[in-house]
Amino acid sequence: MGMPITIEVVDEKAGDTVVDNALRYLQQVDDRFSPFKPSSEVCQVNAGRPPTQWSSEMHEVVRLCEETKRATAGYFDAWRNGTIDPSGLVKGWAIHNCADRIGRDGFINYYVEAGGDIEAHGKNAAGEPWSVGIRNPFDTDTIVKVLAVTGMGVATSGTYLRGQHVYNPLKPGSTIDGVVSLTVIGPDAYEADRFATAAFAMGLNGINFVQDLGGFEGYMIEANGRATYTDHFLKYVIR
């Protein structure tokens with residue numbers, strides 16, 4: 001997926017195998033869903049492969065994209081100019097599936113992180129909840145907030161690293177200028193990631209969308225440096 005990946009499992013019985021298996025799964029996801037690899041299934045679908053020849057994973061992701069489009073009033077749309085790019089959903093989906101696989105193997109204390117989005121379970125090596133930092137979009141070497149989470153996902157959408165890569169499907173060709181970063185805390189990485197992408201596309205109204213979602217919290221940084229957050233966001237902040 002063109003991004004750094006970190007996996008840590010701190011249970012006493014953990015060994016290299018669990019991490020190797022997790023990385024192998026994420027590689028398989030990249031091979032199938034990368035919009036940059038001509039051999040990927042996504043590229044083959046965009047080249048005309050009919051739905052009858054899609055994998056079960058492709059059918060699942062397309063279904064989830066359509067569900068997310070409906071849940072966000074169209075602010076999330078994986079289809080553009082007749083082609084599909086589900087990257088805004090696949091990353092969180094893959095992180096969550098990877099974490100779920102580790103949990104099904106009997107591990108309790110672990111986290112999976114890809115490109116800054118994370119799903120954490122149990123506790124870290126110090127026996128404390130996992131710490132997740134929110135980068136300062138104006139100085140990416142510094143952290144503006146540190147969160148303590150367990151059994152949850154955290155995802156951030158923004159333009160400060162990759163430029164205008166998130167678009168507003170309801171206003172094609174427009175740029176998102178008022179917001180530079182929007183972080184969502186959700187029940188898992190899939191839920192946090194898909195809604196972070198859609199909320200960022202909403203611009204300044206995105207934080208209100210997160211506020212109205214049950215079981216989610218958000219933290220938005222505007223282009224002018226002002227920060228806005230949902231009602232219960234601060235309960236996760238440790239510094």
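What counts, and at which threshold
Residues numbered from 1 in each chain as written. Predicted model: local features only at pLDDT ≥ 70, side-chain atom pairs only at ≥ 80, totals over all residues. Heavy atoms only, no water. Buried < 20%, exposed > 50% of the residue type's maximum accessible area, 1.4 Å probe, protein only. Helix = DSSP H or I, 4+ residues; strand = E, 2+ residues; numbered from the N terminus. Pairing = 2+ DSSP bridges. Polar contact = N/O pair within 3.5 Å; in protein donor to acceptor, adjacent residues only side chain to side chain. Contact = heavy atoms within 4.5 Å. Axes fitted to C-alpha atoms, helices over the stretch in contact; angles between N-to-C directions.

Caption draft 1: Here's a closer look at the pairing of strand E9 (residues 179-186). Within E9, eight of the eight residues are buried, leaving the element largely enclosed by the surrounding structure. In this sheet, E9 lies alongside strand E8 (residues 152-158) in antiparallel orientation, the contact comprising six bridges. Paired with Val154 across the two strands is Ile185, which belongs to E9. Here E9 pairs with strand E10 (residues 217-222) via six bridges, running antiparallel. Looking at the pairing, Thr183 lines up with Tyr219 of E10.

Caption draft 2: Structural view of the side chain of Ser40. Inspection of the secondary structure puts Ser40 in the loop between helix H1 (16-33) and helix H2 (41-46). The exposure class of Ser40 is buried, given its relative accessible area of 0%. Among the polar contacts made by the side chain of Ser40, one reaches the main-chain amide nitrogen of Cys43 at a distance of 3.2 Å. Here Ser40 is in contact with Asp31, Arg32, Phe33 and Ser34, once residues within four sequence places are set aside.

Caption draft 3: Expanded view of the sheet that holds strand E11 (residues 227-229). Read from one edge of the open sheet, seven strands run E1-E4-E5-E8-E9-E10-E11, paired in antiparallel fashion. With one partner strand each, in any of the chains shown, strand E1 (5-9) and E11 form the two edges of the open sheet. For this sheet the average axis-to-axis angle between neighbouring strands, irrespective of direction, equals 10°. One ladder, built from five bridges, connects strand E4 (residues 110-114) with strand E5 (residues 117-121); its direction is antiparallel. Considered in E5, the bridge of Ala114 is made with Asp117.

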